Amino acid sequence: MFISNSTVYMPSVLTLVGIPGLESVQCWIGIPFCVMYLIALIGNSLLLIIIKSERSLHEPMYIFLGMLGVTDIALATSIMPKMLGIFWFCMPEIYFNSCLFQMWLIHTFQGIESGILMAMALDRYVSICYPLRHTTIFTHQLVTQIGTVVVLRAAMLVAPCLGLIKCRFQFYHTTVISHSYCEHMAIVKLAAANVQINKIYGLFVAFTVAGFDLTCITLSYIQIFITVFHLPQKEARFKAFNTCIPHVCVFLQFYLLAFFSFFTHRFGSHIPPYIHILFSSIYLLVPPFFNPLVYGLKTKQIQVHVFKMLFS
């Protein structure tokens, strides 16, 4: 490592601060984070076991829910071990390449989760608006193809971010990242160079993935609610709404936290850093923690199989 004119040349190791301004209480913040992580692991694992073992749940909605569970486990696991290492064991150092890899994993799993939520909204749209054609449209082959496209889209769109950082930047102002994990803009801000291209590409990826998915989800649920309001029977309306409520709760918590984190990183200079970093960390942990609880409490078929598993 070579230092010249207050810059660092091609650092091999970076330092993650954790939550700036809250370093003295990070050991206590780590406790609820760890509890949420364990609940996320147990809840999503339980969902996966139930969906895999029960043939009656081998339907598109539950297959997508299983994909969401795998993604949630992977997303939470890509950040929590290192974050707890910073909070509890004073292990802030991370290799530069490992940091880039963590960044790629985090943003890829975020993109995959967004795509799965869109697929679940489309599945609900077809199921409620065109119930007689649902089984012929959402075949297992189509579900597999959607899952493959969602994974490849996220991985391929995020991958150039690694190249733009690795190839364009050689000198860095500092090796200290004021964050609890390796986030794209947090790394880019370290560079002692023009970062405009990286910012533009980051915005492009965000609006390509989240913008497209959120538009599809919004349009799907507008059509769903129009159809539900026109149902003649009150029981049918209630059943349709009860099916949609868990999905709407998951969509809202995922995208509201995502957009808060995204825009504060770029335009929220007046927001205290500890608030932004705390919310960014919570944003990555809440969906894995929240999703199995919502679907477990609001989906009757899953409730039945959970009780059956526990009492058997």
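Note that the structure is a prediction, hence the values are computed from the model and not measured.

**Observations concerning the pattern of salt bridges**
Counted by the stated rule, this structure contains 2 salt bridges. In this structure, the salt-bridge partner of Asp-123 is Arg-124, at a minimum N-O distance of 3.0 Å. Like Asp-123, the residue Arg-124 is buried in the burial classification. The partner of Asp-213 in a salt bridge is Arg-153, and the shortest N-O contact between them spans 2.8 Å. Of this pair, Asp-213 sits in helix α7 (residues 196-229) while Arg-153 sits in helix α5 (residues 140-168), and the two are 60 residues apart along the sequence.

**Observations concerning the pairing of strand β3 (residues 13-16)**
Of the two faces of β3, only one is covered, namely that formed by Leu-14 and Leu-16; the face formed by Val-13 and Thr-15 stays uncovered. Pairing geometry for β3 and strand β4 (residues 93-95), over 3 bridges, is antiparallel. Counterpart to Thr-15 in the pairing with β4 is Glu-93.

**Some thoughts on the packing of helix α2 (residues 60-89) against helix α9 (residues 273-298)**
Where α2 meets α9, the closest approach of the two axes is 9 Å, and the angle between their N-to-C directions is 145°. Our pair here, α2 against α9, has a crossing hand that is left-handed. Residues Leu-65, Leu-68, Asp-72, Leu-75, Ala-76, Ile-79, Met-80 and Met-83 of α2 pack against Ser-281, Leu-284, Leu-285, Pro-287, Pro-288, Asn-291 and Tyr-295 of α9.

**With respect to the environment of Ala-192**
Structurally, the position occupied by Ala-192 is in the loop between α6 (184-188) and α7. Classification of Ala-192 by relative accessible area gives partly exposed; the value is 29%. In this structure, Ala-192 is in contact with Thr-7, Phe-171, Tyr-172 and His-173, ignoring residues within four places of it in sequence.

**Quick look at the UniProt feature "transmembrane region" (unreviewed entry) in the protein chain**
UniProt tags residues 28-50, 62-89, 101-122, 142-165, 200-228, 240-262 and 274-295 as "transmembrane region" (unreviewed entry). For residues 101-122, helix accounts for 100% and strand for 0%, while the C-alpha atoms at its two ends are 32 Å apart. Structurally, residues 200-228 comprises 100% helix and 0% strand, and the distance from its first C-alpha atom to its last is 41 Å.

**Remarks on the state of the cysteines**
Enumeration over the complete set of coordinates arrives at 1 disulfide. Disulfide pairing places Cys-99 opposite Cys-182 at an S-S distance of 1.9 Å. Around the S-S axis, the bridge from Cys-99 to Cys-182 shows a dihedral of about -115° and counts as left-handed. With Cys-99 in helix α3 (residues 96-129) and Cys-182 in the loop between β6 (176-177) and α6, the pair connects residues that are 83 residues apart, well separated along the chain. Exposure remark for Cys-182: the relative accessible area of 0% places this residue in the buried category. The thiol of Cys-167 is not disulfide-bonded; the next cysteine sulfur, from Cys-161, is found 13 Å away.

**Let's talk about unusual backbone geometry**
The residue Met-10 is not glycine, and still its phi comes out positive at about 45°. When you line up the elements, Met-10 lands in the loop between β2 (7-9) and β3. Here the phi dihedral of Cys-90 falls at roughly 50°; this positive angle occurs in a residue that is not glycine. Relative to the assigned elements, Cys-90 resides in the loop between α2 and β4. The class for Cys-90 is exposed, based on a relative accessible area of 66%.

**What about the packing of aromatic side chains?**
Under the defined criterion, the tally for this structure stands at 13 aromatic pairs. With a centroid separation of 6.4 Å and an interplanar angle of 85°, the aromatic rings of Phe-169 and Tyr-172 are classed as edge-to-face. Summarising the aromatic geometry, the rings of Phe-254 and Tyr-283 are spaced 6.1 Å apart at their centres and angled 50° between planes, so their arrangement reads as tilted. Within this pair, whereas Phe-254 is found in helix α8 (residues 234-267), its partner Tyr-283 is found in helix α9, the two being separated by 29 residues in sequence. Residue Tyr-283 is classed as buried on the basis of its relative accessible area of 7%. Three or more aromatic residues joined by ring pairs form one cluster here, namely Phe-96, Phe-169 and Tyr-172. Sitting over the ring of Tyr-130, Arg-133 keeps its end group 5.8 Å from the ring centre.

Calculation criteria
- Residues numbered from 1 in each chain as written.
- Predicted model: local features only at pLDDT ≥ 70, side-chain atom pairs only at ≥ 80, totals over all residues.
- Heavy atoms only, no water.
- Salt bridge = Lys/Arg side-chain N within 4 Å of Asp/Glu carboxyl O.
- Buried < 20%, exposed > 50% of the residue type's maximum accessible area, 1.4 Å probe, protein only.
- Helix = DSSP H or I, 4+ residues; strand = E, 2+ residues; numbered from the N terminus.
- Pairing = 2+ DSSP bridges.
- Axes fitted to C-alpha atoms, helices over the stretch in contact; angles between N-to-C directions.
- Left-handed = near helix turned anticlockwise from the far one by under 90°.
- Contact = heavy atoms within 4.5 Å.
- UniProt positions renumbered as here; feature names shortened; annotations may be inferred.
- Disulfide = S-S within 2.5 Å.
- Phe/Tyr/Trp six-rings, centres within 6.5 Å; stacked < 30°, edge-to-face > 60°.
- Lys NZ or Arg CZ within 6 Å of the ring centre and 35° of its normal.

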